[in-house]
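Below are the chains, spelled out letter by letter.
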Amino acid sequence: MFGGLLRLELRHTLPTDVPDLHRLAAGWLADHGQTTDAIRHLQAACDWTEAARLLTDHALSLTLDGQAGTVAALVHAFPARTGEDFPGLSLVHAIADLDQLRLDQAAAHLDVARAHAATTPPDRQYRLRMAIASLDLLSARLRGHFDGVFEQVGALPSPADGQSNADVALGSDVRAVALLNLGVTEAWSLRLADSERHLQEGAALAHDIGRPYLEIACLAHLGFAATGHSLALARRHCEDAMARAAMHGWDAEPVIAPAQATLAGILIWTGEFDHGAQWLDRARRTTQAGGEPGIQLLVHQISALLSAARGQHREALAELAAAGQVQALMVGEHALSSKVIAWTIAAQAASATSSRRGRPSQP
């Protein structure tokens, strides 16, 4: 309250000094690694050029730290005209679109970012290309374009000669992102051994470079990958991922939904219906605003499994129908789709049998 009073007094007594003070604050904050606050001060100073440069340079890093929502709020604080004046912000708009699953809009913004990258100075071009490649990978995965993920991982930009420390760090970030997307895509293709290997490698790299959000993203999917050979190990992976997420306050974030859904499925398979239902409810809550299609499909499938186990065949069919609708929006075929079809047939047969048993006998 007192701070607000002082700022109000400053605006009244020295209004022309306010923008320069915001710039001074931004410089200090940027030098001390507080990028988000630095950008906000630059925006308050109406220094849109420097704010756009700083946000473009750090948007991917902020996203890898679990701050995609913050990135979206920052880019939406720019005046509408900045989209034309600062085409580099198209990369930031793409991040915001991907966070909200606006995949077509994200693709359009990435096209603008690609054209902009081709005209930027060499010292910035590599960073932009690597950031675009990372977002292309995520976009392909969210679309269910699994072949596209495999192709793009093999086509990532090669390291440039004489890289700065920042570029080397970015290269490590992008490699960790590639391992995550590759591992998830392999999991959704039921190439579980490959998925497990790449997710473990991605988690280790993310740990080494100080990216806990990215590490937890890898670990959250590792449980599903391990179900191919050990439910006990898969359960330990899920519980480990959720414990780490809770340490950072991310236990209700979409990043941990794969572990919650996988653990729910394991518990239901082993007959712990009530315990499994609790974790399934958590997975539903963390994906209720949408979420990655592959995770939505998994949640619907496990929900159907629980309903069928409890003899609720109509509810199971409704969940399987919802899973089919999710699959219809994906470019490629999720490996769980064949199970959805098989379970739908089984649930229909069980529902018909149940109906006949409950029908009064004919004279």
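Quick notes on the rules
Residues numbered from 1 in each chain as written. Predicted model: local features only at pLDDT ≥ 70, side-chain atom pairs only at ≥ 80, totals over all residues. Heavy atoms only, no water. Helix = DSSP H or I, 4+ residues; strand = E, 2+ residues; numbered from the N terminus. Buried < 20%, exposed > 50% of the residue type's maximum accessible area, 1.4 Å probe, protein only. Areas by Shrake-Rupley, 256 points an atom, 1.4 Å probe, with all protein chains shown as cover. Salt bridge = Lys/Arg side-chain N within 4 Å of Asp/Glu carboxyl O. Contact = heavy atoms within 4.5 Å. Expected span 1.5 Å × (residues − 1). Bend = angle between axes of the 7 residues up to and from the residue. Core = buried A, V, L, I, M, F, W, Y, C linked by side-chain atoms within 4.5 Å. Phe/Tyr/Trp six-rings, centres within 6.5 Å; stacked < 30°, edge-to-face > 60°. Lys NZ or Arg CZ within 6 Å of the ring centre and 35° of its normal. pLDDT = per-residue confidence, 0-100.

Enquirer: Would you take a moment to explain the overall build of the protein chain for this structure?
Expert: Looking only at helices and strands, one finds 19 helices and 0 strands in the protein chain. In the protein chain, which comprises 363 residues, the proportion classed as buried is 46%. Put simply, the protein chain shows about 17,700 Å² of open surface, and 54% of that area lies on carbon and sulfur atoms.

Enquirer: Hey, could you run me through the pattern of salt bridges in this one?
Expert: Any two side chains of opposite charge can pair if their charged atoms end up close together. Here the structure, examined in full by the defined rule, presents 22 salt bridges. A salt bridge links D65 to R211; the shortest N-O distance between them is 2.9 Å. Of the two residues, D65 sits in the loop between α4 (48–64) and α5 (68–76) while R211 sits in the loop between α12 (192–208) and α13 (212–226), which places them 146 residues apart along the sequence. Relative accessible area serves as the criterion here: at 27%, D65 is assigned to the partly exposed category. Residues joined by salt bridges that share partners form a network here, namely E186, R191, D194 and R197.

Enquirer: Explain the environment of R235 to me, please; I cannot follow it from the model alone.
Expert: Examined against the element boundaries, R235 turns out to sit in helix α14 (residues 231–247). R235 sits 25 residues away from Q260 along the chain, and the two C-alpha atoms are 9.9 Å apart. Residues within four places of R235 in sequence aside, it is in contact with L263, I266, L267, E272 and H275.

Enquirer: Before we go on, may I ask you to explain α4 in this structure?
Expert: An α-helical segment advances 3.6 residues per turn. Residues three or four places apart therefore align on the same side. Its 17 residues place the ends of α4 24 Å apart at the C-alpha level, agreeing with the 24 Å of an ideal helix rising 1.5 Å per residue. Taken as a whole, α4 carries its principal kink of about 50 degrees at H58. By the burial criterion, the buried members of α4 are W48, A51, A52, L54, L55, T56, A59, L60, L62, T63 and L64. Looking at the residues trailing α4, positive phi occurs at G66, about 80 degrees.

Enquirer: Even after reading the chapter, I still don't get the nonpolar core, so can you show me in this structure?
Expert: The nonpolar side chains of soluble globular proteins are, as a tendency, buried together. Core analysis: the largest hydrophobic core is formed by 97 residues, its most contacted members being L55, L89, W188 and I256. In terms of residues, this core owes the most to one element, α13, which gives 10 residues. Ignoring any residue separated from it by four or fewer positions in sequence, one finds I256 in contact with I216, A220, A241, M242, A245, W250 and D251.

Enquirer: Sorry if this is basic, but what is going on with unusual backbone geometry here?
Expert: Negative phi values dominate among residues other than glycine, just as trans dominates among peptide bonds. The phi angle at L101 is positive, at roughly 60 degrees, despite the residue not being glycine. Positionally, L101 belongs in the loop between α7 (89–99) and α8 (103–117). With relative accessibility at 29%, the residue L101 sits in the partly exposed group. A positive phi angle, near 60 degrees, is found at L190, a position not held by glycine.

Enquirer: What is the right way to read the packing of aromatic side chains from this model?
Expert: Aromatic rings in a pair are described by how distant their centres are and how their planes are angled relative to each other. Taken as a whole and assessed by the stated rule, the structure comprises 3 aromatic pairs. A ring pair is formed by Y213 and W250, whose centres lie 4.9 Å apart and whose planes are at 90 degrees; its orientation type is edge-to-face. Of this pair, Y213 sits in helix α13 while W250 sits in the loop between α14 and α15 (257–269), placing them 37 residues apart in sequence. The buried category is assigned to W250, whose relative accessible area is 14%. One Lys or Arg, R191, reaches over the ring of F150 and ends 4.6 Å from the middle of that ring. Taking NZ or CZ as reference, R282 lies 4.4 Å from the ring centre of W279, over its face.

Enquirer: Just to check I follow, could you spell out the side chain of T56 for this structure?
Expert: Along the chain, the position of T56 falls in helix α4. Owing to a relative accessible area of 9%, T56 belongs among the buried residues under this scheme. Sequence-distant contacts of T56, that is, excluding residues within four places in its chain, are made with G88, L89, L91, V92, R124 and L128.

Enquirer: Just checking my understanding: could you explain the confidence of the model for the protein chain for this structure?
Expert: Detailed reading of the predicted coordinates is not advisable wherever pLDDT falls low. For the protein chain, per-residue confidence averages 85 on the pLDDT scale, and 85% of positions sit at 70 or higher. Scored below 50 in pLDDT, residues 359–363 makes 0 contacts in the model with residues more than four places away or belonging to other chains.

Enquirer: How do you make sense of helix α16 (residues 273–286) when you look at a structure like this?
Expert: The end-to-end C-alpha separation of α16 is 20 Å, in line with the 20 Å expected for 14 residues at 1.5 Å each. If you check which residues of α16 are buried, you get G276, A277, W279, L280, A283 and T286. Those residues of α16 that are buried lie in contact with α14, α15 and α17 (293–309).

Enquirer: What am I meant to see in the environment of R102 here?
Expert: Tracing the sequence through the fold places R102 in the loop between α7 and α8. The exposure class of R102 is partly exposed, given its relative accessible area of 29%. Sequence-distant contacts of R102, that is, excluding residues within four places in its chain, are made with A96 and D97.

Enquirer: Explain the environment of G265 here, please?
Expert: Residue position: G265 is located in helix α15. We classify G265 as buried; its relative accessible area is 8%. A C-alpha to C-alpha distance of 9.8 Å links G265 and R235, two positions 30 residues apart in sequence. The contacts of G265, once residues within four sequence positions are left out, are I302 and L305.

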